[in-house]
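Observations on the three-dimensional arrangement
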Amino acid sequence: MALFKPASTPWLLAHELRLTWRGAMAGRKRGAVGSIIAFSVLGVMILIGGVFLALGMRGHEVPVQPLSITIAALALAVILTLMLSTALAGAADALYVRGDLDLLFSSPLSPRKVLFVRALGLAVSALLWFLVPAVLLLTPSIVLGHPAWASVFVVLIAAALAAAGVGLLLAMALFALIGPRRTRTVAQVMAALIGAAFFLASQYRNLMGEKASESLFARIALDAKEGRITLPPMADLPLRAALGQPLPLLALVAIGAGIFLLSAWTLGRRFADAAAATQGAETRKAAKGPGRAFAAGAFRATLRKELRLMGRDAALLSQVLLRVLYMLPLALVLARNAAEQPAWMLAGGAAGVAFLAGQVAGSLIWITVSAEDTPDLLALSPTPVSVLNRAKLAAALIPVGLLLVVPVAVMAWFQPMAGFWTAVGSGLTAWAAGMIGIWRQKPGKRADFRRRRASSFLAALGELAVTMLLGAATALAVAGWLAWAPLPLIVAGALMMALRRTEEQIAAALRAAAVS
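Residues numbered from 1 in each chain as written. Predicted model: local features only at pLDDT ≥ 70, side-chain atom pairs only at ≥ 80, totals over all residues. Heavy atoms only, no water.

**A closer look at the overall build of the protein**
Note the following rule: What counts as a helix is a DSSP run of H or I of at least four residues, what counts as a strand is a run of E of at least two, and both are numbered from the N terminus. Whether two residues are in contact is decided by their heavy atoms, any of which lying within 4.5 Å being enough. All accessible areas in this document rest on Shrake-Rupley with a 1.4 Å probe, and a residue is counted as covered only by the protein chains that are shown.
Secondary structure assignment for the protein yields 21 helices and zero strands. Of all intrachain contacts in the protein linking residues separated by at least 6 positions in sequence, the fraction that spans at least 24 positions is 80%. Carbon and sulfur atoms form 71% of the exposed surface of the protein, whose accessible area is close to 27000 Å².

**Section: the packing of helix H15 (residues 347-370) against helix H18 (residues 416-439)**
Stated formally: Here, axes are lines fitted to C-alpha atoms. For helices the fit covers the stretch in contact, and angles between N-to-C directions go from 0 to 180 degrees. Here the word oblique covers every angle except those under 35 degrees (roughly parallel), over 145 (roughly antiparallel) and from 65 to 115 (roughly perpendicular). Helix crossings are classified by the rotation of the near helix relative to the far one: an anticlockwise turn of less than a right angle makes the crossing left-handed, while a clockwise turn makes it right-handed. Note on residue classes: Ala, Val, Leu, Ile, Met, Phe, Trp, Tyr, Cys and Pro are nonpolar, Asp, Glu, Lys and Arg are charged, and everything else, Gly too, is polar.
The contact between H15 and H18 brings their axes to 8 Å, and the two run at 30 degrees. Put simply, H15 runs roughly parallel to H18. As for the relative orientation of H15 and H18, their crossing is right-handed in sense. In contact with Ala350, Val353, Ala354, Ala357, Gly358, Ala361, Gly362, Ile365 and Val369 of H15, H18 contributes Thr422, Gly425, Ser426, Thr429, Ala430, Ala433, Gly434, Gly437 and Ile438. The class makeup of the residues in the contact of H15 with H18 is ten nonpolar, eight polar and no charged.

**Notes on the environment of Ser263**
Stated formally: Under the scheme applied here, a residue whose accessible area is under 20% of the maximum for its type counts as buried, over 50% as exposed, and between as partly exposed, the area being computed with a 1.4 Å probe on protein chains only. Think of a polar contact as two N or O atoms within 3.5 Å of one another; within protein, one of them needs to be a possible hydrogen donor and the other a possible acceptor, and neighboring residues in sequence only count if both atoms come from side chains.
Inspection of the secondary structure puts Ser263 in helix H11 (residues 246-266). Residue Ser263 is classed as buried on the basis of its relative accessible area of 3%. Considering only alpha carbons, one finds Ser263 and Leu169, 94 residues apart in sequence, at a separation of 6.1 Å. A distance of 2.9 Å separates a polar atom in the side chain of Ser263 from the backbone oxygen of Phe260.

**Here's the deal with the environment of Leu144**
Along the chain, Leu144 falls in the loop between helix H5 (111-143) and helix H6 (151-178). Classification of Leu144 as partly exposed rests on a relative accessible area of 31%. Separated by 89 residues in sequence, Leu144 and Leu55 have C-alpha atoms that sit 7.9 Å apart. Those residues within four positions of Leu144 in sequence are excluded, and the remaining contacts are Ala54, Leu55 and Arg58.

**As for the confidence of the model for the protein**
To keep things clear, this is the line we draw: pLDDT gives the predictor's per-residue confidence on a scale running from 0 to 100.
Mean pLDDT for the protein: 77, with 69% of residues reaching 70 or above. A low-confidence stretch, residues 212-216 (pLDDT under 50), is modelled with four contacts involving residues beyond four sequence positions or located in other chains.

**As for the pattern of salt bridges**
Counted only if it meets this: What makes a salt bridge here is a side-chain nitrogen of Lys or Arg within 4 Å of a carboxyl oxygen of Asp or Glu, nothing more.
Applying the stated criterion across every chain, the model contains three salt bridges. One salt bridge connects Lys392 with Glu306, and the closest N-O pair in it is separated by 2.7 Å. A residue pair is termed long-range when its members are at least 10 positions apart, and Lys392 in helix H17 (residues 385-414) and Glu306 in helix H13 (residues 298-312) qualify at 86 residues. For the pair formed by Lys392 and Glu306, the shared burial category is buried. By sharing partners, the salt bridges in this structure join Lys305, Glu306 and Lys392 into a single network.

**Things to note about the nonpolar core**
Among soluble globular proteins, nonpolar side chains are generally buried collectively. What counts is decided by this rule: Nonpolar cores are built from buried Ala, Val, Leu, Ile, Met, Phe, Trp, Tyr and Cys residues. Side-chain atoms within 4.5 Å join them into one set.
Core analysis: the biggest nonpolar cluster contains 32 residues, and Val400, Ile438, Val466 and Met496 have the highest contact counts within it. Residue assignment for this core shows that the elements contributing at least two residues are H13, H15, H17, H18, helix H19 (457-479) and helix H20 (486-499). The dominant element in this core, judged by the number of residues it contributes, is H15, at nine residues. Once residues within four sequence positions are removed from consideration, Val466 is found in contact with Ala432, Ile436, Ala492, Leu495 and Met496.

**Section: a nonpolar patch on the surface**
Convention followed: Only residues whose relative accessible area exceeds 30% and that take part in no salt bridge are eligible for patches, with like-charged residues grouped when within 9 Å of each other and nonpolar side chains (Val, Leu, Ile, Met, Phe, Trp, Tyr) grouped when within 5 Å.
A cluster of nonpolar side chains, namely Ile37, Phe39, Val41, Leu42, Met45 and Trp129, defines an oily patch on the protein surface of about 670 Å² accessible area. Considering every element that reaches the nonpolar patch, the biggest residue donor is helix H2 (residues 33-57), with five residues. For Phe39, the location among the structural elements is in helix H2.

**Structural notes on the packing of H18 against H20**
It is the contact of H18 with H20, at a shortest axis distance of 10 Å, that shows an interaxial angle of 20 degrees. By the criterion of interaxial angle, the relationship of H18 to H20 is roughly parallel. Helix-helix and strand crossings are classified by hand; for H18 and H20 the assignment is left-handed. Across the interface between the two elements, Leu428, Trp431, Ala432, Met435, Ile436 and Trp439 from H18 touch Leu489, Met496 and Leu499 from H20. A per-class count over the contact of H18 with H20 returns nine nonpolar, no polar and no charged.

**Overview of unusual backbone geometry**
Phi at Met234 takes a positive value of approximately 65 degrees, unusual for a residue other than glycine. When you line up the elements, Met234 lands in the loop between helix H9 (210-226) and helix H10 (237-242). With a relative accessible area of 58%, Met234 lands in the exposed category.

**With respect to the side chain of Arg440**
Heads up, the rule is: Charge assignment: positive for Lys and Arg, negative for Asp and Glu; neither His nor the chain ends contribute.
Structurally, Arg440 can be placed in the loop between H18 and H19. Glu463 is the oppositely charged side chain nearest to the buried, salt-bridge-free Arg440, at an N-O distance of 11 Å. Within polar-contact distance, the side chain of Arg440 engages the backbone oxygen of Leu499 at 3.1 Å.

**Considering H11**
The α-helix advances 3.6 residues per turn, and as a result positions three or four apart in sequence lie on the same side. For clarity, the cut-off: Here the expected span of a helix is defined as 1.5 Å times the quantity of residues minus one. Directions are taken from the helix axis to each C-beta atom, and the arc is the one they span.
Over its 21 residues, H11 extends 29 Å from the first C-alpha to the last, a length consistent with the 30 Å expected when each residue adds 1.5 Å. Of the residues making up H11, those classed as buried are Pro248, Leu249, Leu252, Gly256, Phe260, Ser263 and Ala264. Looking straight down H11, one finds its buried side chains confined to an arc of 125 degrees; they lie on one side. More than 90 degrees from the buried face of H11, the exposed residues found are Pro246, Leu247, Leu250 and Thr266.

**Re the packing of aromatic side chains**
Short version of the rule: Ring pairs shown here join Phe, Tyr and Trp side chains whose ring centres sit within 6.5 Å, with only the six-membered ring taken for Trp; geometry is labelled stacked below 30 degrees between planes, edge-to-face above 60, and tilted in between.
Evaluated as defined, the whole model comprises two aromatic pairs. Between Phe420 and Trp421, the aromatic rings sit 5.1 Å apart at their centres with planes inclined by 65 degrees, giving edge-to-face as the arrangement. Owing to a relative accessible area of 44%, Phe420 belongs among the partly exposed residues under this scheme. A relative accessible area of 26% places Trp421 in the partly exposed class.

**Details of H5**
This is how it is decided: The angle between axes fitted to the seven-residue stretch ending at a residue and the seven-residue stretch beginning at it gives the bend at that residue.
At Leu128, H5 shows its strongest bend, of approximately 40 degrees. Positive backbone phi, at 120 degrees, marks Gly145, one or two positions downstream of H5.

Okay, structure coming up:
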């Protein structure tokens, strides 16, 4: 920050990046040291790979042919998809979460400059995840005879600018279509869907079947290699730009910069108005108060409250949706195998369903228990803690049950006993993860949902071990080896007893955490 003139664009951009880094490192007990070490090791590995690439490509040029054109276009499409996911989530955060635009607009800074830097920060955040590995991978080749490959960095910058611009445009379009209250949730969910698009594409073999996927990919590779594939106009633009050809490179830069400037400057004022309208809508919503009467009884009131909060939590919805998307290929594989294979062939899939059920339940119980916004108020209420915990556990298990309906129903349709044991194992795994979350709860903030594992290492390790053991027991039961299924159950039960805490011990641990 001291290197730049105060209130200048680089000064504001450095501030934006510093806030992004703080947000990424928040909630880690050991600060950024562990992350820096991990990234350093990964960077060294990429650099070593770059050295081997440089030695292998020394004296060779990348040919501009259908196969290389297809690879370059697909690579850029994947990068743009992931960048857009990051930019859209960042745009929702800048519009709804930060809540600092009013303060910045009241300062001597130009509002147009503030909005431009905020948009530029989105582009830089999306860019760094790809630019740093690209620099480490390609620098040896650039030094050893391929200086034109430095154009890849320019292509990545243009892609980041385009992704940031499209992310802002999508955020503003959502605001105009569905209003300020729903835009944040929908934007987070869309970011999760866009980010998972590459995963779903990589699972095309499982989604469409082995024969279809092999014939499709084999046909594309063969046609591209032999030059029979019909490429759309301008398909070679990414490859030629990456190889340093001036006109294609200038064209990509013009496209990326044009999209970015259109969103940052043309929609800048609307972006600010949307932020103000969002804060006003939240204030009016809070002032309006509840629209329904309280449920009868503390259990039902707590259950309803937790379900409503989960429905409003955009980060939680996006993370759970990602797990659902990861379960989709597994469910389709189970459907095909259940119709064609004996029950023992379903054991691995059943274990995977049970394990994912435990992971989702563990995430939801963290939200309902450890991330409780008013723990002091609940502690002073006349309702017993056991009743509140049961309501929170029920709120965490209800969504898990809904997620399990499709895979379990499909399996039960073809193999009733396999579906039965999968339902039992998944339910037991979800319940065990929920109980561990209650016993080993540790106060946290909902904003730290993605970093929740740093709050209780013992609970995370115990939950992982128990869910794996119960998943193994489910697999053994589905395979028909019922005599062996109790063994992992016994070990999981012993771990559960070791992790168990009474209500008095939980209260004492919470008091100790509050003091520290």
